[in-house]
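Inside the fold
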Amino acid sequence: MNAFEWTDASSVDQAVNQLGNGTVLKAGGVDLLDLLKERLIEPKRLVNLRTVPGLDHIQDDEQSGLKIGPLVTLAELDSNRVIRKRYTALADAAGNAATPQIRNMATIGGNLVQRPRCWYFRNEQFHCKKKGGELCYAQHGENQYHAIFDNDPCAIVHPSATATALVAYGAKLELLSAKGKREVAAEEFFVLPSVDVHRENQLGADEMITEIRIPAPAAGMRAAYTKQGEKESQDWPIAEIVVLIEPDGDRCKRASIVLGAAAPVPHRAKEAEAALQGKRIDERLARDAAHAAMATAYPLEHNEYKIPLFEVLIRRTILAAAGQPGGGA
Ligand SMILES: Cc1cc2nc3c(=O)[nH]c(=O)nc-3n(C[C@H](O)[C@H](O)[C@H](O)COP(=O)(O)OP(=O)(O)OC[C@H]3O[C@@H](n4cnc5c(N)ncnc54)[C@H](O)[C@@H]3O)c2cc1C
């Protein structure tokens, strides 16, 4: 690990004004410390955000929706009464990530910006495409945990559980730099490797996330979240699904279905959403929608198992969101 300067920021402006020139933000530090130890970053200065007051707010309004500060921890998202009731899939995504200890430290801002867990990317012995090299070692190597969609030119899966939920809820992120603020839809914030293989999002080196905004859920909206890991705890998922259903009587007016651990960005399953639209949800329709979601998957040598896994879990998550039998995990 290289030597670096350390600043305890006392305000958002003080933090933002130091960005650029090799300065990196530290929130909970869970991923940042790994990146330093793995020599994936060698910053000149760390700016500690945890000393900045006012970045850990949770405010909900019936009409305008939810505002979350970037320092809100995953544990708080999981336990907050309003989030659990009105934005259940976000609470479940946060509450199923990692371990209780990590969830107490990890913040939503850091969770969204954490780097991928691809073992080739994380290993300093492999100079992969993401690090400026010529090859994606995962494409012809040990790719059992890698992407089944959009896996060229790099086969990472996006590591953030909260990102999957935020894309499903149509969230927006407020980004601040010394030049001003901008608001970006969560769905557009994340960047595919085919657009830029060196980054996972469009955050500038001089920007920070200052707020996450989720529109108020439509009347009667129902949500379900499923995480499948190899282990019950202390691990990232091998498949993750968020389903939101906006009902119209006994039919589905609109569905939002987003997959985690499937692609380098949270993957919207548009074919499955279209299959449910305007229909009465039952076991057969959920099965057809899940099948449609996997129609364009393009597995690698060792991750074909993800296709039947996702099909079963998408079907169950749709049924759970629709309050139908067969929706259990
Ligand atoms: C064993 C283990 C299992 C895990 N399992 C899961 C899982 O199942 N699901 C999951 O989602 N995650 C999982 N994680 C990852 C963990 O949740 C993240 O590392 C954590 O959320 C990062 O948050 P942090 O606050 O510690 O960020 P930090 O480590 O402090 O920062 C991470 C990155 O975000 C940047 N950053 C932080 N805050 C901001 C901001 N406001 N604006 C702009 N940039 C910012 C930092 O500069 C840094 O680049 C796991 C981690 C471990 C160790």
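Nothing here was measured: the structure is a model prediction, and the numbers come from that model.

Remarks on the sheet that holds strand β3 (residues 45-48)
Across the sheet, which stays open at both edges, the 3 strands sit in the order β1-β3-β2 with parallel pairing between neighbours. Both outer strands of the open sheet, β1 (5-8) and β2 (23-26), are each paired with one neighbouring strand and no more. Across this sheet, the average inter-strand angle for adjacent strands is 25 degrees, counted without regard to direction. Pairing between β2 and β3: 4 bridges, direction parallel. Residue L25 lies in a different strand from β3, and its bridge partner there is V47.

Observations concerning the site of the ligand
Close to the ligand lie 33 residues; L25, A27, G29, L32 and T107 are nearest. Note that an oxygen atom of the ligand is positioned 2.7 Å from one of the backbone N or O atoms of G29. Within the backbone of A161, a nitrogen or oxygen atom sits 2.8 Å from an oxygen atom of the ligand. When the ligand is considered free in solution it has 990 Å² of accessible area, and contact with the protein chains removes 93% of it. Listing elements by their share of the shell around the ligand, those giving two or more residues are β2, α2 (30-37), α7 (108-113) and β8 (208-214). Ranked by the residues each element gives to the shell around the ligand, the list is headed by α7, at 4 residues. Of the residues in the shell around the ligand, the class split is 20 nonpolar, 9 polar and 4 charged.

With respect to the pattern of salt bridges
Scanning the model with the defined rule gives 25 salt bridges in all. For E5, the salt bridge is made with R45, and the minimal N-O distance between the two is 3.4 Å. Of this pair, E5 sits in strand β1 while R45 sits in strand β3, and the two are 40 residues apart along the sequence. K130 is the salt-bridge partner of E200, the closest N and O atoms lying 2.6 Å from each other. With a gap of 70 residues between them, E200 in the loop between α10 (186-189) and β8 and K130 in the loop between α8 (119-122) and α9 (161-168) connect regions that are remote in the sequence. Each member of the pair, E200 as well as K130, is classed as buried. Look at the salt bridges and you will find they share partners, linking D31, D34, E38, R117 and R122 into a network.

How each quantity is defined
- Residue numbers run consecutively from 1 along every chain, following the written order of its sequence.
- Local features are withheld for residues below a pLDDT of 70 in this predicted model, meaning they are given only at 70 or higher, and side-chain atom pairs are given and counted only at 80 or more; totals for whole chains, interfaces and linings count all residues.
- Side-chain numbers come from the whole structure's heavy atoms, not from hydrogens or water.
- Between any two strands, at least two bridges found by DSSP are needed for them to pair.
- Comment: elements are numbered from the N terminus, with helices defined as DSSP H or I runs of at least four residues and strands as E runs of at least two.
- Between N-to-C directions, angles cover 0 to 180 degrees, with each direction set by a line fitted to C-alpha atoms, over the stretch in contact for helices.
- Put simply, a residue is near a molecule or strand once any heavy atom of it comes within 4 Å of that molecule or strand.
- Under the rule applied, a polar contact is a pair of N or O atoms within 3.5 Å (in protein, one hydrogen donor and one hydrogen acceptor; residues adjacent in sequence only if both atoms are side-chain atoms).
- Computed with a 1.4 Å probe, the accessible areas rest on the Shrake-Rupley method; for each residue, only the protein chains presented here act as cover.
- Residue polarity is assigned by list, with Asp, Glu, Lys and Arg as charged and Ala, Val, Leu, Ile, Met, Phe, Trp, Tyr, Cys and Pro as nonpolar; anything else, Gly included, falls into the polar class.
- Salt bridges are identified by distance alone: a Lys or Arg side-chain nitrogen within 4 Å of an Asp or Glu carboxyl oxygen.
- A simple rule labels every residue: compare its accessible area, found with a 1.4 Å probe on the protein chains alone, to the largest value its type can have, and call it buried under 20%, exposed over 50%, or partly exposed in between.

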